[in-house]
Amino acid sequence: MAEAAACGGRMLEVRIWRGRDDGAFVSYEVPARANQTVLDVVTWVQRHLEPTLAYRFACRVGVCGSCAMTVNGRPRWTCRTHVGRLAGDGPLAIEPLRNLPRIRDLVCDLEPFFTRWQRAGGRFVATSTRRDPLPRIAPDSEARRAVDAGIECINCAVCHAACDVVAWRPEYLGPAPLNRAWTLVNDIRHGAREETLDRVRGDAGCHACHSQMSCSEFCPVGIAPTAAIAGLKRASLRHLLGRRDE
Amino acid sequence: MRAAHRRHPGYLAFLAHRLSGLALALFLPFHFLFLATAIEGEAALEGALAWTANPLAKLAEWGLVTLLALHLALGLRVLAIEFLPWRGPLRLWVGLGGGAALATGLLFLAALGR
Ligand code: HEM
Ligand code: SF4
Ligand code: SF4
Ligand code: FES
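Not measured: the values here are computed from a predicted model.

A.B. asks: Any chance you could break down the site of ligand 1 for me, citing the residues and the numbers?
C.D. replies: Around ligand 1 sit His210 of chain A together with Phe14, His17, Arg18, Gly21, Leu22, Leu24, Ala25, Leu68, His71, Leu72 and Gly75 of chain B, and that is every residue in its neighbourhood. Take His17 of chain B: an N or O atom from its side chain is 3.4 Å from a nitrogen atom of ligand 1. Here an oxygen atom of ligand 1 sits 2.6 Å away from a polar atom, N or O, in the side chain of Arg18 of chain B. Put simply, the parts of the chain that give the shell around ligand 1 at least two residues each are α1 (9-36) and α3 (55-83) of chain B. Looking at the shell around ligand 1 element by element, the count peaks at seven residues for α1 of chain B.

If you want it as structure tokens, here you go:
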């Protein structure tokens, strides 16, 4: 069925990382299709050429955040990256994400990424139960709009892989956890807003960011963690000046 | 393909800022040494000032003013990102647009001023 959409027998040259840190690129030939994502290419290689190829995906539609890889040097969600859009880049090169320990082939260990979410105070603390009335939050309030801007994060770690400060300073919390913290600091239902702010004010927190903007450049869902981090820097400054009104 | 994740305006602005900052830091001691010749008497200062007439020194001076203007403009870019409220998808306007415009403006001023 898929063969019907094949592009006149044209083949794509693909280089895929095999092994762990001391692995190497291996080249494969994959039939070119008119409409084909990078994830489709990886899947084709695994189904037809290399059954032991390890990679991650789940939803295939940009929701779960598990398919991120480095494609031609840039971190991307592979299920929503069309091969056609990368045409100018030369042959495809697919590697695991940067800044995370590699497990095998295209699979990274995400534990350090999620540990940072915890360290950044990213866990919501409820202040009411389902029997309490819903709190009223004005949709156009400053805080609500700050939350809206960052809430659609899919935890894909693309920003983490893009950020050089993460690469330079292993203890840096990184863009996604800080973005998460900013949504919580602005959420009046969160029971630990002070604590969350305290956790990100430290040396390895928001002030370590140099506003390089790689996170915002590559976030596949269009979040700008740089803006969230800037918000945390301002909140931290206000805190330092002793004003706790926000 | 190497370091492709760095090829975008925000990162380039950061890089230019850091490099210009480091270059300025390297220059500062020389600047102070130069000014210190004033303490050694008028003759020493005059000698040093005469040296600045040579084209190489002029070029170096121009480079320094440019670096400072660039560093300042990019510093303002950082401050704009961090203190002006903005959100949502990239607002590179805030970053590069403002930075580049200011840098050019300052460069022109510096050029006119001499
Ligand atoms: C001639 C004196 C100056 C020297 C030697 C100098 C040096 C530096 C250096 C080395 C950095 C570190 C860059 C980095 O973090 O990547 C820096 C950062 C910075 N500089 Fe300067 N600078 C000077 C003047 C200025 C001026 C006049 C401004 C005015 C706006 C300024 C604003 C900034 C800002 C906001 C940062 C933070 C950048 C960041 O977070 O990455 N600097 N400076
Ligand atoms: S803006 Fe900050 S968090 Fe984002 S990539 Fe740059 S340094 Fe990293
Ligand atoms: S902020 Fe964007 S890039 Fe970072 S984890 Fe969330 S969705 Fe992915
Ligand atoms: S497979 Fe779920 S986001 Fe790509």
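A.B. asks: Can you lay out the coordination of the iron atom of ligand 1 for me, pointing to particular residues and giving the numbers?
C.D. replies: Exactly one donor from the protein chain reaches the iron atom of ligand 1: His71 of chain B (NE2), at 2.0 Å. Position of His71 of chain B relative to the elements: it lies in helix α3.

A.B. asks: Help me get a handle on the nonpolar core, residues and values and all.
C.D. replies: The tendency in soluble globular proteins is for nonpolar side chains to be buried side by side. Residue and element names in this part refer to chain A. In terms of nonpolar packing, the biggest core is built from 42 residues, with Val14, Ile16, Leu92, Ile94 and Leu106 touching the most fellow members. Elements with a contribution of two residues or more to this core: β1 (6-18), β2 (24-33), α1 (38-48), β3 (68-71), β5 (92-95), α2 (111-119), α4 (158-162) and α8 (214-218). Here this core gets six residues from one element, more than from any other, and that element is α1. Not counting residues within four places of it along the chain, the set of residues in contact with Leu92 comprises Glu13, Val14, Arg15, Val41, Val71, Asn72, Val83 and Leu86. Counting residues in each nonpolar core, the second largest holds 20 residues, with Ala146, Tyr172, Cys209 and Ile229 among its members.

A.B. asks: Account for the interface of chain B and chain A, with residues named and values stated.
C.D. replies: The interface is formed by 22 residues belonging to chain B together with 30 residues belonging to chain A. Buried area between chain B and chain A, both sides added, is near 2400 Å², and the carbon and sulfur share of it is 59%. For Lys233 of chain A, the salt bridge goes to Glu82 of chain B, with nearest N and O atoms at 2.5 Å. Run the count over chain B and chain A and you get twelve residue pairs in polar contact (both at pLDDT 80 or more). Sorting the residues of the side of chain B that touches chain A by element identifies α1 and α3 of chain B as the ones contributing at least two each. Among the residues forming the side of chain B that touches chain A, the class breakdown is twelve nonpolar, four polar and six charged.

A.B. asks: Residue-level account of the pairing of β5 of chain A, with values.
C.D. replies: All names here are of chain A. Alternating positions in β5 separate into two faces, Leu92 and Ile94 on one and Ala93 and Glu95 on the other, with burial throughout. Here β3 pairs with β5 via two bridges, running antiparallel. What sits directly across from Val71, in β5, is Ile94.

Procedures and definitions
- Residues numbered from 1 in each chain as written.
- Chains lettered and ligands numbered in written order.
- Predicted model: local features only at pLDDT ≥ 70, side-chain atom pairs only at ≥ 80, totals over all residues.
- Heavy atoms only, no water.
- Near = heavy atom within 4 Å.
- Polar contact = N/O pair within 3.5 Å; in protein donor to acceptor, adjacent residues only side chain to side chain.
- Helix = DSSP H or I, 4+ residues; strand = E, 2+ residues; numbered from the N terminus.
- Donors = N, O, S within 2.8 Å, 3.2 Å for Na, K, Ca; no water.
- Core = buried A, V, L, I, M, F, W, Y, C linked by side-chain atoms within 4.5 Å.
- Buried < 20%, exposed > 50% of the residue type's maximum accessible area, 1.4 Å probe, protein only.
- Contact = heavy atoms within 4.5 Å.
- Buried area = accessible area lost by both parts, 1.4 Å probe.
- Salt bridge = Lys/Arg side-chain N within 4 Å of Asp/Glu carboxyl O.
- Nonpolar A, V, L, I, M, F, W, Y, C, P; charged D, E, K, R; others polar.
- Pairing = 2+ DSSP bridges.

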